[in-house]
Amino acid sequence: MTGDIRETKECQLKDPMDLFHSGQVVKICAPMVRYSKLAFRTLVRKYSCDLCYTPMIVAADFVRSAKARDSEFTTNKGDHPLIVQFAAKEAQVLCDAARIVSPFADGIDLNCGCPQRWAISEGYGACLINKPELVKDMVRHVRSQIDNPKFSVSIKIRIHEDLKRTVDLCQKAEAAGVSWITVHGRSIEERHQPVHYDAIKIIKQSMSIPIVANGDIKTLKDAENVHHLTEADGIMVARGLLANPAMFAGYEETPFQCIQDWVDIALEHGTPFTCFHHHLMYMMERITSKQEKKVFNVLSSTSAVLDYLNDHYGL
């Protein structure tokens with residue numbers, strides 16, 4: 001972490017709220033476990049992504065362990081505006097984590113949406129939508145302890161079956177000083193069911209802070225439709241960007257230049273092979289035949305992947 005971070009001190013941190021005041025829909029890369037790391041953020045920023053999140057980091061581990069800090073958080077001077085997403089259940093722990101990253105990032109986000117069993121059993125993620133007073137307390141604490149007024153504090157939530165409870169949660173967070181709220185339009189139990197964009201619209205109409213819509217957005221056309229349906233101020237994309245990191249720039253499928261850019265960036269950042277390869281598997285999903293996938297997906301070294309790309313695509 002340190003080498004990259006030292007470089008960041010020379011750069012100007014940004015105010016993410018400027019994006020929401022620009023009059024344009026803010027295009028956002030979601031926090032993705034293993035995937036939304038520095039190299040991938042560098043790639044999507046080349047293709048019209050306005051704002052990037054880190055993968056979710058458990059705040060308690062991050063505060064306690066230098067090893068966790070080094071492995072979980074890397075950035076550089078081009079990696080802005082940047083939001084660090086934390087899983088937390090105690091206000092002071094979240095504050096301590098926020099204080100550590102505040103010289104190097106533009107804001108933090110509290111994860112109130114992760115539906116995975118381990119997170120919920122630990123008191124993290126989506127179970128927080130049922131604890132509005134705790135969420136309010138955490139937001140207020142960070143607000144009062146970080147000196148930089150431009151440092152954003154946001155939350156990412158799922159919705160309740162009873163939407164009144166979600167609106168109440170959002171209003172409490174707004175009263176505590178939250179900068180914006182990202183709404184994944186599904187409940188904790190829902191996985192692949194249709195996203196409730198109508199619910200996101202109701203939340204948007206109940207609030208005076210920016211609302212970001214999230215869920216099942218695969219193309220720029222989808223993003224435009226969801227904006228139209230929800231009136232959201234921003235659109236957050238996860239899997240759609242994995243499949244096509246150039247999506248926000250209007251490409252229907254991953255262009256070869258984007259694949260070339262990923263190879264260059266990943267090699268420059270020393271991206272571990274598994275991550276390097278997985279990203280390529282996602283990017284090439286729509287542009288390779290079943291037969292090609294069978295060969296490409298079992299390659300087991302960076303040199304084998306580079307040879308394959310050179311032989312088949314001249315990359």
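Residues numbered from 1 in each chain as written. Predicted model: local features only at pLDDT ≥ 70, side-chain atom pairs only at ≥ 80, totals over all residues. Heavy atoms only, no water.

## Focus on the overall build of the protein chain
Now for step 1: Across its full length, the protein chain carries 16 helices and nine strands.
Now for step 2: In terms of C-alpha radius of gyration, the protein chain reaches 19 Å, essentially the compact-globule figure of 20 Å for 315 residues.
Now for step 3: For the protein chain, the C-alpha atoms occupy an extent of roughly 60 × 40 × 40 Å along the three principal directions.
Now for step 4: Burial statistics for the protein chain: of 315 residues in total, 53% are counted as buried.
Now for step 5: For the protein chain, restricting intrachain contacts to residue pairs at least 6 apart in sequence, the fraction spanning at least 24 positions comes to 69%.
Now for step 6: Carbon together with sulfur atoms contributes 50% to the accessible area of the protein chain, which is approximately 14,100 Å² in total.
Now for step 7: Between the averaged position of the 37 positive side-chain charges in the protein chain and that of its 39 negative side-chain charges there is a distance of 3 Å. (Helix = DSSP H or I, 4+ residues; strand = E, 2+ residues; numbered from the N terminus. Rg over C-alpha atoms; globule rule 2.2 N^0.38 Å. Buried < 20%, exposed > 50% of the residue type's maximum accessible area, 1.4 Å probe, protein only. Contact = heavy atoms within 4.5 Å. Areas by Shrake-Rupley, 256 points an atom, 1.4 Å probe, with all protein chains shown as cover. Lys, Arg positive; Asp, Glu negative; His and termini not counted. Charge placed at Lys NZ, Arg CZ, Asp CG, Glu CD.)

## Concerning the nonpolar core
Now for step 1: The biggest cluster of nonpolar side chains holds 87 residues, and the ones touching the most others in it are Phe 86, Ile 108, Ile 155 and Ile 181.
Now for step 2: Looking at which domains feed residues into this core, each of domain 1 (16–249) and domain 2 (256–313) supplies at least three.
Now for step 3: Residues contacting Ile 108, with those up to four places away along its chain left out, are Ile 83, Val 84, Phe 86, Leu 94, Ala 98, Val 101, Val 142, Phe 151, Ser 152, Val 153 and Ser 154.
Now for step 4: Of all hydrophobic cores here, the second largest spans 11 residues; its members include Met 17, Leu 51, Ile 83 and Met 236. (Core = buried A, V, L, I, M, F, W, Y, C linked by side-chain atoms within 4.5 Å. Domains from an automatic or database assignment.)

## Concerning the packing of helix α3 (residues 38–46) against helix α13 (residues 256–269)
Now for step 1: Between α3 and α13, the shortest axis-to-axis distance is 9 Å and the interhelical angle comes to 145°. Seen along the crossing, α3 lies across α13 with a hand that is right-handed. Listed contacts from α13 to Leu 38, Ala 39, Phe 40, Thr 42, Leu 43 and Lys 46 of α3 are Cys 258, Asp 261, Trp 262, Ile 265 and His 269. (Axes fitted to C-alpha atoms, helices over the stretch in contact; angles between N-to-C directions. Left-handed = near helix turned anticlockwise from the far one by under 90°.)

## Thoughts on the UniProt feature "binding site: FMN" (unreviewed entry) in the protein chain
Now for step 1: UniProt's feature table lists "binding site: FMN" (unreviewed entry) at Pro 31, Met 32, Val 33, Gln 85, His 184, Ala 238 and Arg 239, given in the numbering used throughout.
Now for step 2: Every residue in contact with Pro 31, bar those within four places of it in the chain, is listed here: Ser 36, Tyr 53, Thr 54, Pro 55, Met 56, Gln 85, Lys 156 and Met 236.
Now for step 3: The residue Met 32 is located in the loop between β1 (26–29) and α3 in this model.
Now for step 4: Met 32 gets classed as buried once you look at its relative accessible area, which sits at 7%.
Now for step 5: In contact with Met 32, other than residues within four places in its own chain, are Phe 40, Pro 55, Ala 238, Arg 239 and Leu 242. (UniProt positions renumbered as here; feature names shortened; annotations may be inferred.)

## Concerning the pattern of salt bridges
Now for step 1: Throughout the structure, instances matching the rule amount to 11 salt bridges.
Now for step 2: Glu 133 is the salt-bridge partner of Lys 172, the closest N and O atoms lying 3.8 Å from each other. Of the two residues, Lys 172 sits in helix α9 (residues 163–176) while Glu 133 sits in helix α8 (residues 132–145), which places them 39 residues apart along the sequence.
Now for step 3: When its relative accessible area of 48% is taken as the criterion, Glu 133 is described as partly exposed. (Salt bridge = Lys/Arg side-chain N within 4 Å of Asp/Glu carboxyl O.)

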